[in-house]
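If you want the building blocks of each chain, they are given just below.
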Amino acid sequence: MSIYKNILATIDFGDNSAKVLQHAAALAQQFSANLIILHVVDYAPSPDIDNVIAPVDETANKLMSSAKNQLNELLEGATLSNDPRTVVVTGHPKIEIVRVAEKENADLIVIGAHGKLGLVGLLLGSTVDRVLGQASCNVLVVQ
């Protein structure tokens, strides 16, 4: 019986994204697990209170498309033994990583130690800290 069945690799396109992917792919191969690769587009548009149903945000669409292209480029340069599934969502990475991990029944989240923080991240704590505190599964932090 395999310890891990669904491994979620979080990719932020930072300096260690390739290492995160490499570790996650090696573990997926070792445990014959499904590999799910997640990128969160850190974008949350202001709600339009005049509309009950929010209009499609053109900026979000462009950011999503760009992220999908970057993710495909990263995967083309990687050696993967199985076909991973990619997921691209918008929102706050601290929240979305945990949400997607639960939705995908992830047994393990693989995340980089030094993501893109920015001033808000420095003030409110890192994404890694939040994921470690909120995830209901194991978390592997890649240096």
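All values reported here derive from a predicted model rather than from experimental measurement. (Residues numbered from 1 in each chain as written. Predicted model: local features only at pLDDT ≥ 70, side-chain atom pairs only at ≥ 80, totals over all residues. Heavy atoms only, no water.)

Quick notes on the overall build of the protein
Right, so step 1: A count of helical and extended segments in the protein gives 5 helices and 5 strands.
Right, so step 2: Its helices and strands in sequence order give the protein the pattern β-α-β-α-β-α-β-α-α-β, from N to C terminus.
Right, so step 3: When the 143 residues of the protein are sorted by exposure, 40% land in the buried category.
Right, so step 4: For the protein, the proportion of contacts with a sequence separation of at least 24, taken over those separated by at least 6, is 78%.
Right, so step 5: When the accessible surface of the protein is split by element, carbon and sulfur atoms take 51% of a total near 8700 Å². (Helix = DSSP H or I, 4+ residues; strand = E, 2+ residues; numbered from the N terminus. Buried < 20%, exposed > 50% of the residue type's maximum accessible area, 1.4 Å probe, protein only. Contact = heavy atoms within 4.5 Å. Areas by Shrake-Rupley, 256 points an atom, 1.4 Å probe, with all protein chains shown as cover.)

Thoughts on the nonpolar core
Right, so step 1: Residues Ile7, Ile11, Leu35, Ile37 and Val110 are the most contacted members of the largest nonpolar core, which totals 24 residues.
Right, so step 2: For this core, the secondary-structure elements that each account for two or more residues are β1 (6-10), α1 (17-30), β2 (34-42), α2 (58-76) and β4 (108-112).
Right, so step 3: Top contributing element to this core by residue count: α1, with 6 residues.
Right, so step 4: For Val110, the contacting residues outside a window of four places in its chain are Ile7, Leu8, Ala9, Thr10, Val20, His23, Ala24, Leu140 and Val142.
Right, so step 5: If you look at the next biggest cluster of nonpolar residues, it comprises 17 residues, including Leu8, Val98, Val100 and Ala135. (Core = buried A, V, L, I, M, F, W, Y, C linked by side-chain atoms within 4.5 Å.)

Brief notes about the pairing of β4
Right, so step 1: Counting buried positions over the 5 residues of β4 gives 5, a clear majority of the element.
Right, so step 2: Pairing of β1 with β4, which is carried by 3 bridges, proceeds in the parallel orientation. The residue of β4 that forms the bridge with Ala9 is Val110.
Right, so step 3: Note that β4 and strand β5 (residues 138-142) share 5 bridges and pair parallel. Note that in β5 the partner of Gly112 across the bridge is Val142. (Pairing = 2+ DSSP bridges.)

Some points on the packing of helix α3 (residues 93-103) against helix α5 (residues 127-134)
Right, so step 1: Across the interface, α3 lies against α5 with an axial gap of 9 Å and an inter-helix angle of 35°. Considering only the axes of α3 and α5, their crossing is right-handed. Residues Pro93, Lys94, Ile95, Ile97 and Val98 of α3 lie in contact with α5, whose contacting residues are Thr127, Arg130, Val131 and Gln134.
Right, so step 2: When the residues that make up the contact of α3 with α5 are grouped by side-chain class, the tally is 5 nonpolar, 2 polar and 2 charged. (Axes fitted to C-alpha atoms, helices over the stretch in contact; angles between N-to-C directions. Left-handed = near helix turned anticlockwise from the far one by under 90°. Nonpolar A, V, L, I, M, F, W, Y, C, P; charged D, E, K, R; others polar.)

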